[in-house]
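Fold and geometry: a report
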Amino acid sequence: MPNRDEKILVVGACGQIGVELTLQLRKIHGEGVVIASDLREEHPLLKGTGPYVSLDIMNKETFHVLVLRYNITQVYLLAAILSATGEKNPTLAWHINMQSLLNVLEVAKEENLAKIYWPSSIAVFGPNSPKDNTPQHTIIEPSTVYGISKYAGERWCEYYFNRYKIDVRGLRYPGLISYKSQPGGGTTDYAIEIFHDALSSGQYTSFLKEDTYLPMMYMPDAIRATIELMEADASKITIRSSYNIGAMSFSPGEIAAEIKKHVPEFSINYKPDSRQNIADSWPKNIDDSDAKNDWGWKPEFGIERMTEDMLRNLQK
Ligand code: NAD
Ligand code: AKB
């Protein structure tokens, strides 16, 4: 149920998740309640749907002033450098991913904010983690700077919860597939590009090998999971670092075959690049039983339904 006193700030609102999350939060809470912010210009899909402010989350003072000016009670922090982009400039990725989170957690502490959402990723797992049905608690030795920053971020979230009682919640998203906004430089981006190329040219060159399985999720499930986690009673949240969450797992070969059912002329070839190493270090599929048991997580989209929905919407 929407709470009249809530004021929500989405940081990184113009990114792949931010656009859809902001629109959904505005649908639930009302447009005036959800302030969208980003470094970038306002995304066309957000225009006219509610307040938008330009914000560099690396500047703690500006962020702090904004929290006070708008009486913000909840922050969804989505600004980050993703896995593939992170490997091009590791120290920058570390700096942005860590400092943005610390700025939000510190202001949350100073202003006693009600709730913070910060997503982690399957990238926290590394080559020594079990690949199948990867558990919530297992060997975690990420090999990318993005994964290292996500793992460190998880520890900070749990620390602020334990030490300062900040109500921080998070999900380890798998690769997210969506049609409304573009992906932001990740290893799982192929699973979006393939749909666009199948429809525009009937051909796609995959930067991952045919049999590279990765955990994936359709954006409507990811948005619903995020909101369900944030709306769950605090007593049900047993994991304050970030929950494993799953929906489906497929390889480039499998998604190509699924697309071909709808686009018979579609063909794919494979030219693995440096992103293959990143994908090889990640799980194939995830054990999300804690999310299921604690707050009732249940995905709705598998590969078939997601493929149909993606193609239908991209053809509109
Ligand atoms: P994205 O790159 O599409 O969007 C991030 C947004 O943050 C961009 O609009 C960018 O302009 C903004 N931003 C960057 N630096 C900023 C700054 N200093 N101040 C304000 N805004 C800034 O990323 P996304 O895919 O929407 O991911 C959002 C979050 O979810 C990230 O933490 C990411 O690690 C996590 N995640 C995403 C996926 C996925 O598949 N998309 C999977 C796992 C985890
Ligand atoms: C990426 O590929 O970097 C992201 C992620 C799984 O965190 N999509």
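Above: the structure in question.
Residues numbered from 1 in each chain as written. Chains lettered and ligands numbered in written order. Predicted model: local features only at pLDDT ≥ 70, side-chain atom pairs only at ≥ 80, totals over all residues. Heavy atoms only, no water.

**Things to note about the overall build of the protein**
For the protein, the count of helices and strands is 11 helices and 14 strands. Here the protein has a C-alpha radius of gyration of 19 Å; the compact-globule value for 316 residues is 20 Å, and the two agree. Dimensions of the protein, computed from C-alpha atoms along their principal axes, come out at roughly 55 × 45 × 40 Å. Taking the intrachain contacts of the protein between residues at least 6 apart in sequence as the baseline, contacts between residues at least 24 apart amount to 79%. Of the roughly 13,400 Å² of accessible surface on the protein, 49% is carried by carbon and sulfur atoms. Considering the protein, the positive charge centre built from 33 side chains and the negative charge centre built from 40 side chains are found 2 Å apart. (Helix = DSSP H or I, 4+ residues; strand = E, 2+ residues; numbered from the N terminus. Rg over C-alpha atoms; globule rule 2.2 N^0.38 Å. Contact = heavy atoms within 4.5 Å. Areas by Shrake-Rupley, 256 points an atom, 1.4 Å probe, with all protein chains shown as cover. Lys, Arg positive; Asp, Glu negative; His and termini not counted. Charge placed at Lys NZ, Arg CZ, Asp CG, Glu CD.)

**A few points about the sheet that holds strand 8 (residues 171-173)**
To summarise the sheet geometry, strands pair through backbone hydrogen bonds and adopt either a parallel or an antiparallel arrangement. Reading across from one edge, 6-8-12 is the order of the 3 strands in this open sheet, with parallel pairing throughout. Strand pairing shows two members of the sheet lacking a second neighbour, strand 6 (120-121) and strand 12 (243-244), which therefore form its edges. As paired strands, strand 6 and strand 8 are joined by 2 bridges and run parallel to one another. Among the inter-strand pairings, serine 120 is bridged to a residue of strand 8, identified as arginine 172. Helix 7 (residues 219-231) contacts strand 8 and strand 12 of the sheet and is inclined by roughly 175 degrees relative to strand 8. (Pairing = 2+ DSSP bridges. Axes fitted to C-alpha atoms, helices over the stretch in contact; angles between N-to-C directions.)

**Structural notes on the environment of leucine 39**
Within the secondary structure, leucine 39 is located in the loop between strand 2 (34-38) and strand 3 (52-54). C-alpha of leucine 39 to C-alpha of leucine 66: the two residues are 27 residues apart in sequence and 14 Å apart in space. Setting aside chain neighbours within four positions, we find leucine 39 in contact with Leu55 and Asp56.

**Examining the pattern of salt bridges**
Two side chains that carry opposite charge are able to pair once their charged atoms sit near each other. Tallied over the full model, the rule gives 13 salt bridges. Salt-bridge contacts for arginine 224 lead to glutamate 228; the nearest nitrogen and oxygen are separated by 3.0 Å. Of this pair, arginine 224 and glutamate 228 are both found in helix 7, 4 residues apart, which corresponds to roughly one turn of the helix. Relative accessible area serves as the criterion here: at 28%, glutamate 228 is assigned to the partly exposed category. (Salt bridge = Lys/Arg side-chain N within 4 Å of Asp/Glu carboxyl O. Buried < 20%, exposed > 50% of the residue type's maximum accessible area, 1.4 Å probe, protein only.)

**Some thoughts on the layout of surface pockets**
Vacant regions in the atomic arrangement are exposed by a probe of water-molecule size rolled over the atoms. The computed volume of the largest pocket comes to approximately 920 Å³. Lining the largest pocket are 41 residues, and of these Leu78, Ala79, Ala80, Ile81 and Leu82 sit closest to its centre. Within the residue set of the lining of the largest pocket, elements represented by two or more residues are helix 1 (16-29), helix 3 (83-88), strand 6, helix 5 (145-164) and strand 9 (175-177). In terms of residue count, the dominant contributor to the lining of the largest pocket is helix 1 (3 residues). Residue composition of the lining of the largest pocket, by class: 22 nonpolar, 14 polar and 5 charged. Counting contributing residues, the lining of the largest pocket receives three or more from each of domain 1 (8-174 + 219-244) and domain 2 (176-216 + 248-284 + 300-315). Reported here for the second largest pocket is a volume of approximately 300 Å³. Contributing to the lining of the second largest pocket are 16 residues, with Glu20, Gln24, Lys180, Pro220 and Ile223 lying nearest its centre. (1 Å grid on protein atoms, 1.4 Å probe; cavity = no way out; pocket = protein on both sides within 12 Å on 5 of 7 lines; lining within 4 Å. Points joined across faces, edges and corners; volume = space filled by probe spheres on them. Nonpolar A, V, L, I, M, F, W, Y, C, P; charged D, E, K, R; others polar. Domains from an automatic or database assignment.)

**Observations concerning the site of ligand 1**
The immediate surroundings of ligand 1 are formed by 26 residues, with Gln16, Asp38, Asp56, Tyr146 and Lys150 found nearest. Here an oxygen atom of ligand 1 and a side-chain polar atom of aspartate 38 are 2.6 Å apart. Here a nitrogen atom of ligand 1 sits 3.0 Å away from a polar atom, N or O, in the main chain of isoleucine 57. Within the complex, the protein chains bury 93% of what would otherwise be the 840 Å² of accessible surface of ligand 1. Using a 2 Å cut-off from the grid points, one finds that ligand 1 occupies the largest pocket. (Near = heavy atom within 4 Å. Polar contact = N/O pair within 3.5 Å; in protein donor to acceptor, adjacent residues only side chain to side chain. Sits in = over half its atoms within 2 Å of the grid points.)

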